[in-house]
Amino acid sequence: MPIHVLSAQLASQIAAGEVVERPSSVVKELVENALDAGATAITIEARGGGRQLVQVGDDGCGIPAAEIETAFLRHATSKLNHVDDLKAIRTLGFRGEALAAIAAVSQVTVVSRAIGEATGTRLRLEGGQVVARAAMGAPQGTVIAVEQLFYNVPARLKFLKSVSTEKRLIDEFVSRYALAYPQVRFRLMHDGRIAWQTNGSGSVLDVLAVVYGPEVARQLLPLAEATASGGTAARDDFLSPVSLPPSPHAERKTISVRGYVGPPSLHWANRSQVTLFVNGRWVKDSSLTYAVIQAYHTLLPTGRYPFGLIFIHLPPEEVDVNVHPAKTEVRFQDANAVFTAVQRAVRETLVADSPIRSLGGWSTADDEPGDAGPGWVGELDEQAFARRQAQAELDLDWVAHETETDTAVIASQPLALPSLNLGGERLPIMRVVGQVGAAYIITEGPDGLFLIDQHAAHERILYEQFMAQWAQNQVAVQTLMAATAVYLTPAQATLLEEYLPTLANIGFQVEPFGPRAFTVRAMPAILTCQDPAQVLLTVVEDLERGDAPLQSKIEERIILRVCKSAAIKAGQTLSPREMEVLVQQLEACRSPHTCPHGRPTLIHLSVAQLARQFGRL
Ligand code: ADP
Ligand code: MG
């Protein structure tokens, strides 16, 4: 093929790919435009997870009739004039690409009336070409409807995820902006139904309650005033800026870090609850996310992540937002200073709040809770210790499950001395000798002794029992005396709603109950002693991690999760009778040697090994 310049249409479709990846990116760009236009109320409507329709309406300044076609041209913007403007961007948009990109790959209808104009204008574009234009009456502001996204780029369509995943991504974007702009009223609608809305009161806490539910919002801690150096600025509604000591890069630097963090007792299975904004723009920054996580060092169980909603403000000339067309990455002139400011703000908030700060201080306590030396236990009440141990246990286990290679390694590693020299068969009959460390049961078998991990063993037992019940469609269900309410984030709620039938197969009777609230009416019987809300949250978190595998796999995964929740934890003292029952049930298992995640349930020390160790052989 000879070299030739691509047609304008093809070129713009290619360029569109960088800005518009999926329905939620359309939502993001349109919402950013509405915010730039000074809107006080923004309504977002999606149909079919945004594939059929994404519509964003605002009451902002509107687009002047004379400029409306121009707005859809590439590199057309009202927010930037001169190359110097790029050095200090104060608006969310500035590249003049979004509308052109969106229009190139969809069918767009815009109705807008600019401030000071008597009538509005309606414009219709298909594949970037204007096909209709008319004057019409309209309230001040702009409504942009984007239909049939990627109708002319089939390759893109293939990469879209399920409707529920796309819905969830939209929920996430809208909730981020609602949190960053609490003074703006947001309303999100899916398929004609209001999913949620905010009141525009200006209080971040109000929005947090909408997005995360009142339960979570109540626990959050506003970021503390950093004590580093004379941060005497006046407090605004919830926080005041952090001033940093002079840095080599600037004489005087003002980086303000505000927001909310969760107490250490509130933790998630992944980093997705650490949300960062720089000058009102949602950004992805793994280093700053790490700064937040790092501030929780030793306070959270391994593998669990905190909640953080962090608003960073700094002079616009100290941050470059023009890194990528999607504008979600930024570069800081002094990245270290920002990192320190974030970490310090979070840490000081936690120190001020932490009920266990007697642990020995922040900078020095770098042992994992489980490894802490003597003295550590004494400083906590025993229950808390047991809880922590149990949690650490859970996480260890989870890690093993998470990465398949790890599981394999753990399962196949020959243990140094007490080797795992058991065949694949059933266990011999054993006699319970006792319990060590409230975590392991010692038994005696025909050839030496066994150390049984009570949690792993119980998990295995429950798993086999549950799978057997499930295979026969006979999961034992326990109806709850009092239905329990659970509040979820919009994204979680969408996800849960999708999986309600699946959960029903497994014995969960869960019903929607108002926006993002659900009631648990019944649970699998093995969970009787568990907190229904907690169990459901764990299951949802688990579902959030995955990219919808096969239905049967999902059910199995939920069952795994349920068994883990229901199993006896390490740290629980067992009576001789309880140990006997557990051991008998383990003996009855088909695969008694590992927990369902592949960790060993027991270690064997043969008579010969003992003899060797004592120098008898
Ligand atoms: P950018 O936001 O980078 O300027 P866009 O392609 O997103 O580029 O938008 C182009 C222009 O259209 C904007 O600069 C703005 O002037 C106008 N515009 C877009 N959306 C709106 C809106 N909701 N209200 C008012 N003006 C808008
Ligand atoms: Mg824009």
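Because the structure is a prediction, the values reported are computed rather than measured. (Residues numbered from 1 in each chain as written. Chains lettered and ligands numbered in written order. Predicted model: local features only at pLDDT ≥ 70, side-chain atom pairs only at ≥ 80, totals over all residues. Heavy atoms only, no water.)

**Q** Whenever I open this one, the overall build of the chain confuses me. Can you help?
**A** Of regular secondary structure, the chain possesses 18 helices and 23 strands. Taken across its 617 residues, the chain has 51% of its residues classed as buried. Across the chain, every contact between residues at least 6 apart in sequence was considered, and the portion connecting residues at least 24 apart equals 70%. Summed over all atoms, the accessible surface of the chain reaches about 28,400 Å², with 54% contributed by carbon and sulfur. (Helix = DSSP H or I, 4+ residues; strand = E, 2+ residues; numbered from the N terminus. Buried < 20%, exposed > 50% of the residue type's maximum accessible area, 1.4 Å probe, protein only. Contact = heavy atoms within 4.5 Å. Areas by Shrake-Rupley, 256 points an atom, 1.4 Å probe, with all protein chains shown as cover.)

**Q** Would you explain the packing of helix α13 (residues 454-471) against helix α17 (residues 576-587) in this entry?
**A** Helices that pack against each other are described as a pair by the angle of their axes relative to one another and the distance between those axes. The N-to-C vectors of α13 and α17 enclose an angle of 55 degrees; their axes lie 9 Å apart at closest approach. Comparing their axes, α17 and α13 come out oblique. For α13 against α17, the interelement crossing comes out left-handed. Residues Q454, A457, H458, R460, I461 and Q465 of α13 touch α17, and the partners they reach there are L582, Q585 and L586. Here the contact of α13 with α17 is composed, by residue class, of four nonpolar, four polar and one charged. (Axes fitted to C-alpha atoms, helices over the stretch in contact; angles between N-to-C directions. Parallel < 35°, antiparallel > 145°, perpendicular 65-115°, else oblique. Left-handed = near helix turned anticlockwise from the far one by under 90°. Nonpolar A, V, L, I, M, F, W, Y, C, P; charged D, E, K, R; others polar.)

**Q** Looking at this model, I keep getting lost on the nonpolar core. Mind explaining?
**A** With 66 residues, the main nonpolar core has F186 and L208 as its most contacted residues. Sorting elements by how many residues they give to this core places helix α6 (residues 163-180) first, with seven residues. When neighbours within four sequence positions are excluded, L208 is seen to be in contact with L179, G213, A217, L220, Y260, F307 and L309. (Core = buried A, V, L, I, M, F, W, Y, C linked by side-chain atoms within 4.5 Å.)

**Q** What is the right way to look at the site of ligand 1 in this model?
**A** In the region of ligand 1, 19 residues are neighbours, and N33, T77, S78, K79 and G96 sit closest. One of the side-chain nitrogen or oxygen atoms of N33 is found 2.8 Å away from an oxygen atom of ligand 1. A distance of 2.8 Å separates an oxygen atom of ligand 1 from a polar backbone atom of L99. Coverage of ligand 1 by the protein amounts to 93% of the 530 Å² it exposes when considered alone. Sorting the residues of the shell around ligand 1 by element identifies α2 (23-36) and α4 (98-104) as the ones contributing at least two each. Split by residue class, the shell around ligand 1 holds eight nonpolar, seven polar and four charged. (Near = heavy atom within 4 Å. Polar contact = N/O pair within 3.5 Å; in protein donor to acceptor, adjacent residues only side chain to side chain.)

**Q** I tried to follow the sheet that holds strand β5 (residues 129-136) on my own but got confused; where do I start?
**A** For sheets, the rule is that strands pair by backbone hydrogen bonds, running either parallel or antiparallel. Reading across the sheet, the eight strands line up as β5-β4-β3-β6-β2-β1-β7-β8 and stay open at both edges, with mixed pairing between neighbours. Pairing within the sheet leaves two strands with one partner each, and these edge strands are β5 and β8 (193-197). Across the sheet, the mean angle separating the axes of adjacent strands is 15 degrees when strand polarity is ignored. Sheet topology places strand β1 (residues 41-47) next to strand β2 (residues 53-58); six bridges connect them, and they run antiparallel. (Pairing = 2+ DSSP bridges.)

**Q** Looking at this structure, how should I read the layout of surface pockets?
**A** In this approach a probe as big as a water molecule rolls over the atoms, and the regions it shows empty are the leftover space. For the second largest pocket, the calculated volume is near 1,100 Å³. Along its surface, the second largest pocket is lined by 43 residues, and L169, E172, R176, W282 and K284 are the ones closest to its centre. When residues of the lining of the second largest pocket are traced back to their parent elements, those giving at least two are α1 (8-19), α2, α6, α7 (204-212), β12 (274-278), β13 (281-283), α14 (490-506) and α15 (532-545). Per element, the largest residue contribution to the lining of the second largest pocket is eight residues, and it comes from α6. Classifying every residue of the lining of the second largest pocket by side-chain character gives 13 nonpolar, 14 polar and 16 charged. (1 Å grid on protein atoms, 1.4 Å probe; cavity = no way out; pocket = protein on both sides within 12 Å on 5 of 7 lines; lining within 4 Å. Points joined across faces, edges and corners; volume = space filled by probe spheres on them.)

**Q** Honestly, the pairing of strand β18 (residues 440-445) in this entry has me stumped. Any pointers?
**A** Consecutive side chains along a regular strand alternate between the two faces of the sheet. Only one face of β18 is covered, namely the one carrying I441, T443 and G445; the face carrying Y440, I442 and E444 has none of its residues buried. By the bridge criterion, five bridges tie strand β17 (residues 431-436) to β18 in an arrangement that is antiparallel. When the sheet's bridge partners are listed, V436 is paired in β18 with Y440. Between β17 and β18, which follow one another and run antiparallel, lie three residues, and G437 among them has a positive phi close to 60 degrees. Alignment of β18 against strand β19 (residues 448-453), held across six bridges, turns out to be antiparallel. Along β19, the bridge assignment pairs I441 with I452. The turn joining β18 and β19, which pair antiparallel and follow one another in sequence, is formed by two residues.

**Q** Just checking my understanding: could you explain α14 for this structure?
**A** A turn of α-helix holds 3.6 residues, and therefore any two residues three or four places apart point the same way. Compared with the 24 Å implied by 1.5 Å per residue over 17 residues, the 24 Å span of α14 between its first and last C-alpha is a close match. Residue L500 marks the point of greatest curvature in α14, where the axis turns by about 55 degrees; the proline P501 follows within four residues. Within α14, twelve of the 17 residues are buried, leaving the element largely enclosed by the surrounding structure. All of the buried residues along α14 are P490, A491, Q492, A493, T494, L495, L496, Y499, L500, T502, L503 and I506. (Expected span 1.5 Å × (residues − 1). Bend = angle between axes of the 7 residues up to and from the residue.)

**Q** Help me understand the sheet that holds β19 in this model?
**A** The antiparallel open sheet is built from four strands, whose spatial order is β17-β18-β19-β23. Each having just a single partner strand, β17 and β23 (602-605) make up the two edges of the open sheet. When the angles between neighbouring strand axes are averaged without regard to direction, this sheet yields 25 degrees. Sitting on the sheet, α13 touches β17, β18 and β19, and the angle it makes with β19 is about 75 degrees. Contacts from α17 reach β17, β18 and β19, with the element oriented near 115 degrees to β17.

**Q** Looking at this model, I keep getting lost on the side chain of Q273. Mind explaining?
**A** Relative to the helices and strands, Q273 is located in the loop between β11 (254-261) and β12. Accessibility expressed as a relative area gives 7% for Q273, which makes it buried. Beyond its immediate sequence surroundings of up to four residues, Q273 is in contact with Y212, W268, P306, F307 and G308.

**Q** Honestly, the packing of aromatic side chains in this entry has me stumped. Any pointers?
**A** The geometry of an aromatic ring pair comes down to the distance between the two centres and the angle between the two planes. Enumeration over the complete set of coordinates arrives at six aromatic pairs. A centroid spacing of 6.3 Å and a plane angle of 25 degrees characterise the contact between Y177 and Y181, whose relative ring orientation is stacked. On the basis of relative accessibility, which here comes to 15%, the residue Y181 falls in the buried class. These aromatic residues form a ring-pair network of at least three members: Y212, W268 and F307. For the cation-ring pair, R176 lies above F173, with the distance from its terminal atom to the ring centre recorded as 5.0 Å. Geometry around W282 places R176 over its ring, the cationic atom sitting 3.8 Å from the centre. (Phe/Tyr/Trp six-rings, centres within 6.5 Å; stacked < 30°, edge-to-face > 60°. Lys NZ or Arg CZ within 6 Å of the ring centre and 35° of its normal.)

**Q** Hey, could you run me through the packing of α14 against α15 in this one?
**A** Following both chains from N to C, one finds α14 and α15 inclined at 105 degrees, their axes separated by 10 Å at the closest point. Compared by their axis directions, α14 and α15 come out roughly perpendicular. Here α14 contributes Q492, L495, L496, Y499 and L503 to the contact with α15, which in turn contributes L536, V539, V540, E541, L543 and E544.

**Q** Quick question: what am I supposed to make of the side chain of K327 here?
**A** Here K327 shows up in the loop between β15 (319-320) and β16 (331-332). Ignoring any residue separated from it by four or fewer positions in sequence, one finds K327 in contact with K28, E29, E32, L92, G93, F94, R95, R281, W282 and V321.

Geometry only, nothing functional implied.
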